[in-house]
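# Chains, contacts and geometry: an overview
Chain by chain, the residues run as shown.
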Amino acid sequence: EWIGEEQDDVYIDTCMENSLYQNIGRDNVNIVFTSIHGTTYTTIPKALEKAGFKKIDLVKEQMIPSGNFPTVESPNPEEPAALTMAVDLANITNGDIVIGCDPDGDRLGIAVRNLDGEIQLLNGNQTNMILTYYILDQWKKAGKITGKEFIGSTIVTSDCFFDVAEKFGVDCKVGLTGFKWIGKMIRDVEGQEKFICGGEESFGFMTGDFVRDKDSCGSILLACEIAAWCKAQGKTMYQYMI
């Protein structure tokens, strides 16, 4: 059975439902995206456009799927070299946020402009902190936090997520390395506690319990919303982080 656009649309719509909170500045944020020759060339541009982002520049040379990854030594978004072509394009287009995915589309690397205006790759903990803080802030403003919610983390991830969870009145559950353990957390308390989001320092993040694994599509939509909101406030994601 061939899986086609109908399934893609269900997936994208659910990612939007789990990851988007406010429509501010989506038409004014400059996004540069690369799939680094991987699978996300089919979904991420479509998802960004469907979510209302208008200024999307693609690294066209890297949007061609290839297991040989001809333009990089390693298609690992944890390595700044993997995003070199995307950063170069962002410097031409005045990009606000640069995003690259690994080949199977579960992990993502995000680079934003630092205090000197240079594009800098965020590490996994920094990215997860920005995404988690923003989500929890939106949940709090919407009155959705009741004391029965939690975020997920693992033992290789920063302990600062305990502090963020405490600030917003949610639990922070920690498991062994790997998102399968965050998935187990969700299953163990299903019907009793609500999972909000979870992440790991190895450039993985998940929004909501639809996928139950690290997933770049929802994370990218969320990151771009934050970038757009920050720009509308006259600041960058880097300034939001610090």
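Our structure's up above, just so we're on the same page.
Because the structure is predicted, anything quoted here is derived from the model rather than measured.

## Concerning the packing of aromatic side chains
Tallied over the full model, the rule gives six aromatic pairs. The interplanar angle of 80 degrees and the centroid separation of 5.1 Å between the aromatic rings of Tyr133 and Phe168 together place this pair among those described as edge-to-face. Taken together, the residues Tyr133 in helix H4 (residues 124–141) and Phe168 in helix H5 (residues 160–168) connect sequence positions 35 residues apart. The class of Phe168 is buried, set by a relative accessible area of 6%. Their ring planes at 80 degrees and their centres at 5.5 Å tell us that Trp229 and Tyr240 sit as a pair that is edge-to-face. Taken together, the residues Trp229 in helix H7 (residues 216–232) and Tyr240 in helix H8 (residues 237–241) connect sequence positions 11 residues apart. Trp229 gets classed as buried once you look at its relative accessible area, which sits at 14%.

## Side note on unusual backbone geometry
A positive phi angle is found at Ile36, which is not glycine, with a value near 50 degrees. Within the secondary structure layout, Ile36 lies in the loop between strand E1 (30–34) and helix H2 (44–50). Look at Ile36 and you get buried, because its relative accessible area is 0%. Within the chain, Asn94 stands out as a residue other than glycine whose phi angle is a positive 60 degrees. Looking at where Asn94 falls in the secondary structure, it is placed in the loop between helix H3 (84–93) and strand E3 (97–101). Using a relative accessible area of 49% as the deciding quantity, one classes Asn94 as partly exposed.

## Focus on the sheet that holds strand E5 (residues 119–121)
Strand pairs in the sheet, formed through backbone hydrogen bonds, run parallel or antiparallel to each other. Spatially, the five strands line up as an open sheet ordered E2-E1-E3-E4-E5, and their pairing is mixed. Of all strands in the sheet, those with a lone pairing partner are strand E2 (55–58) and E5, marking the two edges. Adjacent strand axes in the sheet meet at a mean angle of 25 degrees when their direction is disregarded. Of the strand pairs in this sheet, E3 and strand E4 (residues 108–113) are connected by five bridges, and their pairing is antiparallel. Paired with Ile99 across the bridge in E4 is Ile110. Helix-sheet contacts for H3 involve E1, E2, E3, E4 and E5, and the interaxial angle to E1 is about 160 degrees.

Calculation notes
Think of each chain on its own: its residues are numbered from 1, step by step along the sequence as written. It should be noted that, the model being predicted, local features are given only for residues of pLDDT at least 70 and side-chain atom pairs only at 80 or more, the latter also being counted only at that level, while totals for whole chains, interfaces and linings use all residues. The basis for every side-chain value is the complete set of heavy atoms in the structure, and neither hydrogens nor water enter the calculation. Think of it this way: a Phe, Tyr or Trp ring, Trp meaning its six-membered ring, pairs with another when their centres are within 6.5 Å, and the plane angle makes it stacked under 30 degrees, edge-to-face over 60, tilted otherwise. Strands here are runs of E lasting at least two residues and helices are runs of H or I lasting at least four, both read from the DSSP assignment and numbered beginning at the N terminus. Each residue is assigned to one of three classes by its accessible area relative to the maximum for its type, calculated with a 1.4 Å probe on protein chains only: buried under 20%, partly exposed between the two thresholds, exposed over 50%. Being paired, for any two strands, means DSSP has found at least two bridges between them. Under this scheme, a helix contributes an axis fitted over its contacting stretch, all axes are lines through C-alpha atoms, and angles between N-to-C directions fall in the 0 to 180 degree range. Whether two residues are in contact is decided by their heavy atoms: any pair within 4.5 Å suffices.

Keep in mind these values describe shape, not function.
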